[in-house]
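Architecture and fold: a report
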There are 2 protein chains.
Amino acid sequence: MAATPSSPGRPDDLTLEVVGLIGSVVARYHEEYEEAAAGHDLTGAQARLLSLLCLEPLPMRKLAHRLKCEPSNVTGIVDRLESRGLAERRPDPADRRVKVAAATREGRRVARGLRESLRFAREPLAALTDEERRSLRDILRTMLDTEGTAAEGRE
Amino acid sequence: MAATPSSPGRPDDLTLEVVGLIGSVVARYHEEYEEAAAGHDLTGAQARLLSLLCLEPLPMRKLAHRLKCEPSNVTGIVDRLESRGLAERRPDPADRRVKVAAATREGRRVARGLRESLRFAREPLAALTDEERRSLRDILRTMLDTEGTAAEGRE
DNA sequence: TATTGTTATACTCTATAACTATA
DNA sequence: TATAGTTATAGAGTATAACAATA
(Lines give C-alpha, C1' and ligand atoms only; values in the text may rest on other atoms or scores of the structure.)
Protein backbone atom coordinates (compact mmCIF):
# COMPACT_ATOMS: atom_id res chain seq x y z
CA MET A 1 0.00 0.00 0.00
CA ALA A 2 1.03 3.55 -0.57
CA ALA A 3 2.17 5.86 2.19
CA THR A 4 -0.14 8.82 1.56
CA PRO A 5 -1.75 7.91 -1.71
CA SER A 6 -4.54 9.65 -3.55
CA SER A 7 -7.52 9.49 -1.25
CA PRO A 8 -10.78 9.26 -3.21
CA GLY A 9 -11.52 12.90 -2.49
CA ARG A 10 -8.34 14.85 -3.06
CA PRO A 11 -5.79 13.39 -5.45
CA ASP A 12 -2.22 14.59 -5.05
CA ASP A 13 -0.21 16.34 -7.75
CA LEU A 14 1.68 13.22 -8.79
CA THR A 15 -1.55 11.30 -9.27
CA LEU A 16 -3.06 14.14 -11.28
CA GLU A 17 -0.02 14.26 -13.52
CA VAL A 18 -0.14 10.53 -14.12
CA VAL A 19 -3.85 10.76 -14.89
CA GLY A 20 -3.05 13.42 -17.47
CA LEU A 21 -0.30 11.31 -18.99
CA ILE A 22 -2.62 8.32 -19.22
CA GLY A 23 -5.13 10.54 -20.98
CA SER A 24 -2.46 11.52 -23.48
CA VAL A 25 -1.48 7.94 -24.12
CA VAL A 26 -5.11 7.00 -24.62
CA ALA A 27 -5.57 9.89 -27.07
CA ARG A 28 -2.45 8.93 -29.02
CA TYR A 29 -3.49 5.30 -29.12
CA HIS A 30 -6.91 6.13 -30.49
CA GLU A 31 -5.66 8.57 -33.09
CA GLU A 32 -3.22 6.04 -34.41
CA TYR A 33 -5.79 3.27 -34.40
CA GLU A 34 -8.30 5.30 -36.41
CA GLU A 35 -5.53 6.42 -38.73
CA ALA A 36 -4.35 2.86 -39.30
CA ALA A 37 -7.92 1.71 -39.91
CA ALA A 38 -8.52 4.53 -42.40
CA GLY A 39 -5.31 3.50 -44.14
CA HIS A 40 -7.04 0.21 -44.90
CA ASP A 41 -10.35 1.86 -45.80
CA LEU A 42 -11.94 0.76 -42.57
CA THR A 43 -13.74 2.77 -39.92
CA GLY A 44 -12.72 2.21 -36.32
CA ALA A 45 -15.80 0.09 -35.64
CA GLN A 46 -15.21 -2.02 -38.75
CA ALA A 47 -11.56 -2.52 -37.79
CA ARG A 48 -12.46 -3.62 -34.27
CA LEU A 49 -15.14 -6.00 -35.47
CA LEU A 50 -12.93 -7.50 -38.16
CA SER A 51 -10.12 -7.97 -35.66
CA LEU A 52 -12.50 -9.86 -33.38
CA LEU A 53 -13.61 -12.11 -36.22
CA CYS A 54 -9.99 -12.94 -36.98
CA LEU A 55 -9.67 -14.52 -33.55
CA GLU A 56 -12.81 -16.62 -34.00
CA PRO A 57 -16.14 -16.58 -35.85
CA LEU A 58 -18.90 -15.17 -33.67
CA PRO A 59 -22.71 -14.99 -33.70
CA MET A 60 -24.07 -11.49 -34.26
CA ARG A 61 -25.33 -11.37 -30.70
CA LYS A 62 -21.97 -12.12 -29.13
CA LEU A 63 -20.31 -9.67 -31.46
CA ALA A 64 -22.59 -6.95 -30.12
CA HIS A 65 -21.73 -7.94 -26.60
CA ARG A 66 -18.00 -7.84 -27.30
CA LEU A 67 -18.27 -4.43 -28.96
CA LYS A 68 -20.56 -3.23 -26.20
CA CYS A 69 -23.19 -1.98 -28.60
CA GLU A 70 -26.71 -2.97 -29.62
CA PRO A 71 -27.16 -6.00 -31.90
CA SER A 72 -28.93 -3.84 -34.46
CA ASN A 73 -25.71 -1.92 -35.09
CA VAL A 74 -23.74 -5.05 -35.79
CA THR A 75 -26.03 -5.81 -38.71
CA GLY A 76 -24.85 -2.70 -40.55
CA ILE A 77 -21.16 -3.07 -39.75
CA VAL A 78 -21.10 -6.69 -40.88
CA ASP A 79 -23.14 -5.69 -43.96
CA ARG A 80 -20.43 -3.22 -44.97
CA LEU A 81 -17.60 -5.67 -44.34
CA GLU A 82 -19.51 -8.36 -46.22
CA SER A 83 -20.11 -6.10 -49.21
CA ARG A 84 -16.33 -5.72 -49.46
CA GLY A 85 -15.73 -9.43 -49.14
CA LEU A 86 -13.94 -9.10 -45.80
CA ALA A 87 -16.52 -10.99 -43.74
CA GLU A 88 -19.36 -13.42 -44.29
CA ARG A 89 -22.41 -14.79 -42.49
CA ARG A 90 -22.71 -18.52 -41.93
CA PRO A 91 -25.70 -20.47 -40.66
CA ASP A 92 -25.42 -22.19 -37.30
CA PRO A 93 -26.39 -25.84 -37.78
CA ALA A 94 -27.39 -26.11 -34.12
CA ASP A 95 -29.76 -23.13 -34.08
CA ARG A 96 -31.27 -21.83 -37.27
CA ARG A 97 -31.94 -18.43 -35.72
CA VAL A 98 -28.25 -17.77 -35.31
CA LYS A 99 -25.96 -16.31 -37.95
CA VAL A 100 -22.25 -16.67 -37.34
CA ALA A 101 -20.06 -13.92 -38.72
CA ALA A 102 -16.58 -14.90 -39.87
CA ALA A 103 -13.64 -13.18 -41.52
CA THR A 104 -12.88 -14.24 -45.07
CA ARG A 105 -9.37 -14.96 -46.29
CA GLU A 106 -9.20 -11.43 -47.65
CA GLY A 107 -10.55 -10.11 -44.36
CA ARG A 108 -7.77 -11.83 -42.45
CA ARG A 109 -5.24 -10.40 -44.88
CA VAL A 110 -6.52 -6.86 -44.35
CA ALA A 111 -6.63 -7.36 -40.58
CA ARG A 112 -3.01 -8.53 -40.61
CA GLY A 113 -1.99 -5.41 -42.51
CA LEU A 114 -3.90 -3.31 -40.01
CA ARG A 115 -2.25 -5.03 -37.07
CA GLU A 116 1.18 -4.46 -38.50
CA SER A 117 0.55 -0.79 -39.13
CA LEU A 118 -0.35 -0.28 -35.47
CA ARG A 119 3.10 0.77 -34.45
CA PHE A 120 2.10 2.94 -31.52
CA ALA A 121 1.92 1.25 -28.18
CA ARG A 122 4.67 -0.94 -29.59
CA GLU A 123 7.20 1.47 -31.06
CA PRO A 124 7.39 3.77 -28.03
CA LEU A 125 8.07 0.69 -25.93
CA ALA A 126 11.32 0.30 -27.80
CA ALA A 127 12.50 3.39 -25.95
CA LEU A 128 12.15 1.51 -22.68
CA THR A 129 14.61 -0.86 -21.07
CA ASP A 130 13.58 -4.42 -20.40
CA GLU A 131 13.31 -3.60 -16.73
CA GLU A 132 11.07 -0.65 -17.45
CA ARG A 133 8.84 -2.80 -19.62
CA ARG A 134 8.50 -5.37 -16.84
CA SER A 135 7.76 -2.59 -14.39
CA LEU A 136 5.14 -1.14 -16.72
CA ARG A 137 3.56 -4.54 -17.17
CA ASP A 138 3.20 -5.04 -13.43
CA ILE A 139 1.78 -1.56 -12.89
CA LEU A 140 -0.76 -1.94 -15.70
CA ARG A 141 -1.82 -5.31 -14.32
CA THR A 142 -2.38 -3.73 -10.94
CA MET A 143 -4.39 -0.94 -12.51
CA LEU A 144 -6.61 -3.29 -14.47
CA ASP A 145 -7.15 -5.37 -11.35
CA THR A 146 -9.48 -2.74 -9.95
CA GLU A 147 -13.17 -3.70 -9.74
CA GLY A 148 -14.90 -3.19 -13.10
CA THR A 149 -13.54 -6.54 -14.21
CA ALA A 150 -16.65 -8.10 -12.69
CA ALA A 151 -18.89 -7.13 -15.60
CA GLU A 152 -16.70 -9.19 -17.90
CA GLY A 153 -17.64 -12.40 -16.15
CA ARG A 154 -20.75 -13.17 -18.19
CA GLU A 155 -19.91 -14.28 -21.72
CA MET B 1 18.75 1.75 -24.01
CA ALA B 2 17.42 -1.76 -23.74
CA ALA B 3 19.56 -4.86 -23.98
CA THR B 4 17.63 -6.78 -26.62
CA PRO B 5 14.46 -4.74 -27.02
CA SER B 6 11.65 -5.13 -29.46
CA SER B 7 13.19 -4.61 -32.87
CA PRO B 8 10.77 -2.95 -35.29
CA GLY B 9 10.16 -6.26 -37.01
CA ARG B 10 9.70 -8.87 -34.32
CA PRO B 11 8.48 -7.70 -30.93
CA ASP B 12 9.29 -9.98 -28.00
CA ASP B 13 6.69 -11.58 -25.74
CA LEU B 14 7.06 -9.01 -23.00
CA THR B 15 6.47 -6.16 -25.42
CA LEU B 16 3.43 -7.90 -26.88
CA GLU B 17 1.99 -8.42 -23.43
CA VAL B 18 2.50 -4.77 -22.53
CA VAL B 19 0.90 -3.72 -25.83
CA GLY B 20 -2.11 -5.82 -24.94
CA LEU B 21 -2.29 -4.34 -21.46
CA ILE B 22 -2.12 -0.82 -22.87
CA GLY B 23 -4.96 -1.73 -25.21
CA SER B 24 -7.01 -2.88 -22.23
CA VAL B 25 -6.31 0.29 -20.31
CA VAL B 26 -7.28 2.37 -23.33
CA ALA B 27 -10.53 0.43 -23.71
CA ARG B 28 -11.39 0.82 -20.03
CA TYR B 29 -10.57 4.50 -20.10
CA HIS B 30 -12.82 5.11 -23.08
CA GLU B 31 -15.73 3.10 -21.76
CA GLU B 32 -15.67 4.97 -18.49
CA TYR B 33 -15.34 8.33 -20.19
CA GLU B 34 -18.35 7.76 -22.43
CA GLU B 35 -20.27 6.38 -19.50
CA ALA B 36 -19.46 9.40 -17.33
CA ALA B 37 -20.39 11.75 -20.18
CA ALA B 38 -23.69 9.96 -20.71
CA GLY B 39 -24.34 10.27 -16.99
CA HIS B 40 -24.37 14.01 -17.53
CA ASP B 41 -26.41 13.81 -20.73
CA LEU B 42 -23.38 14.56 -22.87
CA THR B 43 -21.94 12.68 -25.82
CA GLY B 44 -18.22 12.02 -25.77
CA ALA B 45 -17.57 14.80 -28.26
CA GLN B 46 -19.64 17.27 -26.27
CA ALA B 47 -17.84 16.31 -23.06
CA ARG B 48 -14.42 16.75 -24.64
CA LEU B 49 -15.32 20.12 -26.15
CA LEU B 50 -16.88 21.40 -22.94
CA SER B 51 -13.83 20.30 -20.96
CA LEU B 52 -11.61 22.24 -23.33
CA LEU B 53 -13.75 25.35 -22.93
CA CYS B 54 -13.45 25.11 -19.18
CA LEU B 55 -9.71 25.62 -19.48
CA GLU B 56 -10.10 28.69 -21.69
CA PRO B 57 -12.51 30.19 -24.23
CA LEU B 58 -11.50 29.29 -27.78
CA PRO B 59 -12.36 30.38 -31.33
CA MET B 60 -14.29 27.77 -33.30
CA ARG B 61 -11.31 27.22 -35.54
CA LYS B 62 -8.90 26.41 -32.72
CA LEU B 63 -11.51 24.20 -31.16
CA ALA B 64 -11.62 22.14 -34.34
CA HIS B 65 -7.86 21.92 -34.33
CA ARG B 66 -7.76 20.76 -30.71
CA LEU B 67 -10.45 18.16 -31.34
CA LYS B 68 -8.78 17.11 -34.57
CA CYS B 69 -11.95 17.41 -36.59
CA GLU B 70 -13.31 19.70 -39.30
CA PRO B 71 -14.53 23.16 -38.26
CA SER B 72 -17.98 22.41 -39.68
CA ASN B 73 -18.47 19.74 -37.01
CA VAL B 74 -17.71 22.14 -34.19
CA THR B 75 -20.65 24.28 -35.25
CA GLY B 76 -23.10 21.51 -34.42
CA ILE B 77 -21.48 20.43 -31.18
CA VAL B 78 -21.35 23.99 -29.85
CA ASP B 79 -24.94 24.49 -31.08
CA ARG B 80 -26.11 21.60 -28.94
CA LEU B 81 -24.16 22.74 -25.89
CA GLU B 82 -25.43 26.29 -26.38
CA SER B 83 -29.05 25.15 -26.64
CA ARG B 84 -28.62 23.60 -23.21
CA GLY B 85 -27.02 26.71 -21.79
CA LEU B 86 -23.67 25.01 -21.21
CA ALA B 87 -21.68 27.12 -23.70
CA GLU B 88 -22.00 30.40 -25.51
CA ARG B 89 -20.52 32.23 -28.50
CA ARG B 90 -18.88 35.61 -27.99
CA PRO B 91 -17.70 38.06 -30.64
CA ASP B 92 -13.98 38.74 -30.94
CA PRO B 93 -13.47 42.52 -30.76
CA ALA B 94 -10.22 42.22 -32.70
CA ASP B 95 -11.65 40.25 -35.65
CA ARG B 96 -15.33 40.32 -36.39
CA ARG B 97 -15.10 37.09 -38.35
CA VAL B 98 -14.14 35.16 -35.22
CA LYS B 99 -16.56 33.67 -32.72
CA VAL B 100 -15.11 32.66 -29.39
CA ALA B 101 -16.81 29.75 -27.68
CA ALA B 102 -16.85 29.77 -23.90
CA ALA B 103 -18.32 27.62 -21.14
CA THR B 104 -21.12 29.18 -19.14
CA ARG B 105 -21.30 28.99 -15.36
CA GLU B 106 -23.65 26.02 -15.72
CA GLY B 107 -21.28 24.51 -18.26
CA ARG B 108 -18.42 24.67 -15.80
CA ARG B 109 -20.61 23.13 -13.14
CA VAL B 110 -21.50 20.20 -15.39
CA ALA B 111 -17.87 19.80 -16.44
CA ARG B 112 -16.79 19.67 -12.81
CA GLY B 113 -19.33 16.96 -12.13
CA LEU B 114 -18.07 15.06 -15.15
CA ARG B 115 -14.46 15.40 -14.06
CA GLU B 116 -15.26 14.09 -10.62
CA SER B 117 -17.13 11.10 -11.96
CA LEU B 118 -14.08 10.09 -14.00
CA ARG B 119 -12.73 7.81 -11.36
CA PHE B 120 -10.89 5.47 -13.67
CA ALA B 121 -7.31 6.38 -14.41
CA ARG B 122 -7.37 7.87 -10.94
CA GLU B 123 -8.89 5.23 -8.71
CA PRO B 124 -6.71 2.38 -9.95
CA LEU B 125 -3.70 4.56 -9.22
CA ALA B 126 -4.63 4.41 -5.57
CA ALA B 127 -3.55 0.79 -5.70
CA LEU B 128 -0.01 1.89 -6.53
CA THR B 129 2.70 3.04 -4.18
CA ASP B 130 4.16 6.51 -4.54
CA GLU B 131 7.27 5.00 -6.02
CA GLU B 132 5.24 3.06 -8.57
CA ARG B 133 3.37 6.20 -9.54
CA ARG B 134 6.63 8.05 -10.10
CA SER B 135 7.92 5.15 -12.10
CA LEU B 136 4.76 5.07 -14.20
CA ARG B 137 5.01 8.82 -14.77
CA ASP B 138 8.55 8.53 -16.09
CA ILE B 139 7.71 5.60 -18.33
CA LEU B 140 4.66 7.33 -19.80
CA ARG B 141 6.71 10.46 -20.43
CA THR B 142 9.28 8.39 -22.28
CA MET B 143 6.57 6.74 -24.34
CA LEU B 144 4.97 10.04 -25.31
CA ASP B 145 8.37 11.42 -26.23
CA THR B 146 8.42 9.30 -29.38
CA GLU B 147 8.16 11.16 -32.68
CA GLY B 148 4.53 12.02 -33.49
CA THR B 149 4.83 14.94 -31.10
CA ALA B 150 6.16 16.95 -34.06
CA ALA B 151 2.72 17.44 -35.58
CA GLU B 152 1.69 19.18 -32.37
CA GLY B 153 4.08 22.05 -32.98
CA ARG B 154 1.77 24.19 -35.10
CA GLU B 155 -0.93 25.78 -32.98
C1' DT C 1 -43.33 -17.25 -24.79
C1' DA C 2 -38.57 -16.17 -25.38
C1' DT C 3 -34.69 -15.41 -28.40
C1' DT C 4 -31.96 -14.14 -32.83
C1' DG C 5 -31.32 -11.21 -36.21
C1' DT C 6 -33.24 -7.64 -38.90
C1' DT C 7 -35.70 -3.41 -40.22
C1' DA C 8 -37.30 1.30 -39.38
C1' DT C 9 -36.42 5.57 -37.19
C1' DA C 10 -34.03 9.29 -35.18
C1' DC C 11 -29.89 11.54 -33.43
C1' DT C 12 -24.97 12.57 -33.31
C1' DC C 13 -20.47 12.74 -35.36
C1' DT C 14 -17.79 12.93 -39.38
C1' DA C 15 -15.81 14.91 -43.90
C1' DT C 16 -16.52 17.58 -48.20
C1' DA C 17 -18.02 21.39 -50.71
C1' DA C 18 -20.33 25.70 -51.27
C1' DC C 19 -21.73 29.92 -49.17
C1' DT C 20 -21.35 34.64 -46.06
C1' DA C 21 -19.14 38.04 -43.82
C1' DT C 22 -15.36 39.78 -42.82
C1' DA C 23 -10.15 40.83 -43.44
C1' DT D 1 -7.75 37.01 -52.42
C1' DA D 2 -7.74 34.71 -48.21
C1' DT D 3 -9.83 33.45 -43.76
C1' DA D 4 -13.64 32.32 -40.03
C1' DG D 5 -17.74 30.38 -39.46
C1' DT D 6 -21.77 28.39 -41.33
C1' DT D 7 -24.87 25.60 -44.18
C1' DA D 8 -25.96 21.62 -47.03
C1' DT D 9 -25.22 16.98 -47.89
C1' DA D 10 -24.06 12.29 -47.34
C1' DG D 11 -22.15 8.26 -44.81
C1' DA D 12 -21.36 5.87 -40.57
C1' DG D 13 -22.25 4.65 -35.68
C1' DT D 14 -25.50 4.56 -32.04
C1' DA D 15 -29.96 3.39 -29.34
C1' DT D 16 -34.91 2.26 -29.37
C1' DA D 17 -38.83 -0.10 -30.89
C1' DA D 18 -41.22 -3.27 -33.78
C1' DC D 19 -40.97 -7.38 -36.65
C1' DA D 20 -40.13 -12.35 -38.78
C1' DA D 21 -38.23 -16.73 -38.10
C1' DT D 22 -37.10 -20.06 -34.94
C1' DA D 23 -36.69 -22.13 -30.42
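Computed from a predicted structure; not experimentally measured. (Residues numbered from 1 in each chain as written. Chains lettered and ligands numbered in written order. Predicted model: local features only at pLDDT ≥ 70, side-chain atom pairs only at ≥ 80, totals over all residues. Heavy atoms only, no water.)

1. Regarding the protein's contact with DNA strand D
Neighbouring DNA strand D are 22 residues, the closest being Thr43, Ser72, Asn73 and Arg80 of chain A together with Arg61 of chain B. A share of 67% is what sugar and phosphate atoms reach among the atoms of DNA strand D within 4 Å of the protein. Here a phosphate oxygen of DNA strand D sits 2.9 Å away from a polar atom, N or O, in the main chain of Arg96 of chain A. Take Met60 of chain B: an N or O atom from its main chain is 3.2 Å from a phosphate oxygen of DNA strand D. Where the surface near DNA strand D is concerned, the elements lending two or more residues are α2 (44–55) and α4 (71–83) of chain A together with α3 (60–67) and α4 (71–83) of chain B. Examining the composition of the surface near DNA strand D, we find that four residues originate from one element, α4 of chain A, more than from any other. For the surface near DNA strand D, the per-class residue count stands at seven nonpolar, six polar and nine charged. (Near = heavy atom within 4 Å. Polar contact = N/O pair within 3.5 Å; in protein donor to acceptor, adjacent residues only side chain to side chain. Helix = DSSP H or I, 4+ residues; strand = E, 2+ residues; numbered from the N terminus. Nonpolar A, V, L, I, M, F, W, Y, C, P; charged D, E, K, R; others polar.)

2. As for the pairing of strand β3 (residues 99–103) of chain A
When a strand is regular, its side chains alternate between the sheet's two faces. Residues and elements named next belong to chain A. By the criterion of burial, β3 is predominantly enclosed, with four of the five residues buried. Direction of pairing for strand β1 (residues 58–59) relative to β3: antiparallel, over a ladder of two bridges. What sits directly across from Leu58, in β3, is Ala101. (Buried < 20%, exposed > 50% of the residue type's maximum accessible area, 1.4 Å probe, protein only. Pairing = 2+ DSSP bridges.)

3. Here we look at the interface of chain A and chain B
By a widely used convention, the size of an interface equals the accessible area lost when the partners come together. With 49 residues of chain A at the contact, the number on the chain B side is 49 residues. Roughly 4900 Å² is buried in total at the junction of chain A and chain B, and carbon and sulfur atoms are behind 72% of that figure. In this assembly, chain A and chain B are joined by two salt bridges. Salt-bridge contacts for Glu17 of chain B lead to Arg141 of chain A; the nearest nitrogen and oxygen are separated by 2.4 Å. Of all the secondary structure elements, the ones that give two or more residues to the side of chain A that touches chain B are α1 (13–39) and α6 (130–144) of chain A. In terms of residue count, the dominant contributor to the side of chain A that touches chain B is α1 of chain A (15 residues). Looking at the side of chain A that touches chain B residue by residue, the classes come out as 25 nonpolar, 10 polar and 14 charged. (Contact = heavy atoms within 4.5 Å. Buried area = accessible area lost by both parts, 1.4 Å probe. Salt bridge = Lys/Arg side-chain N within 4 Å of Asp/Glu carboxyl O.)

4. Considering the sheet that holds β3 of chain A
Residue and element names in this part refer to chain A. Taking strand neighbours across the sheet as the criterion, the three strands line up as β1-β3-β2 in an open arrangement whose pairing is antiparallel. Both edges of this open sheet fall to β1 and β2 (87–91), since each of them pairs with a single strand only. Where α2 meets the sheet, its contacts fall on β1, β2 and β3, and the angle it forms with β3 comes to roughly 95°. (Axes fitted to C-alpha atoms, helices over the stretch in contact; angles between N-to-C directions.)

5. Things to note about the protein's contact with DNA strand C
Around DNA strand C, 22 residues are found, and the nearest of them are Arg61 of chain A together with Thr43, Ser72, Asn73 and Arg80 of chain B. Within the side chain of Thr75 of chain A, an N or O atom sits 3.0 Å from a phosphate oxygen of DNA strand C. The side chain of Ser72 of chain B places a nitrogen or oxygen atom 2.7 Å from a base oxygen of DNA strand C. Of all the secondary structure elements, the ones that give two or more residues to the surface near DNA strand C are α3 (60–67) and α4 of chain A together with α2 (44–55) and α4 of chain B. A total of four residues in the surface near DNA strand C trace back to one element, the largest contributor, which is α4 of chain B. For the surface near DNA strand C, the class distribution of residues is seven nonpolar, six polar and nine charged.

Don't take any of this as a statement about function, it's just geometry.
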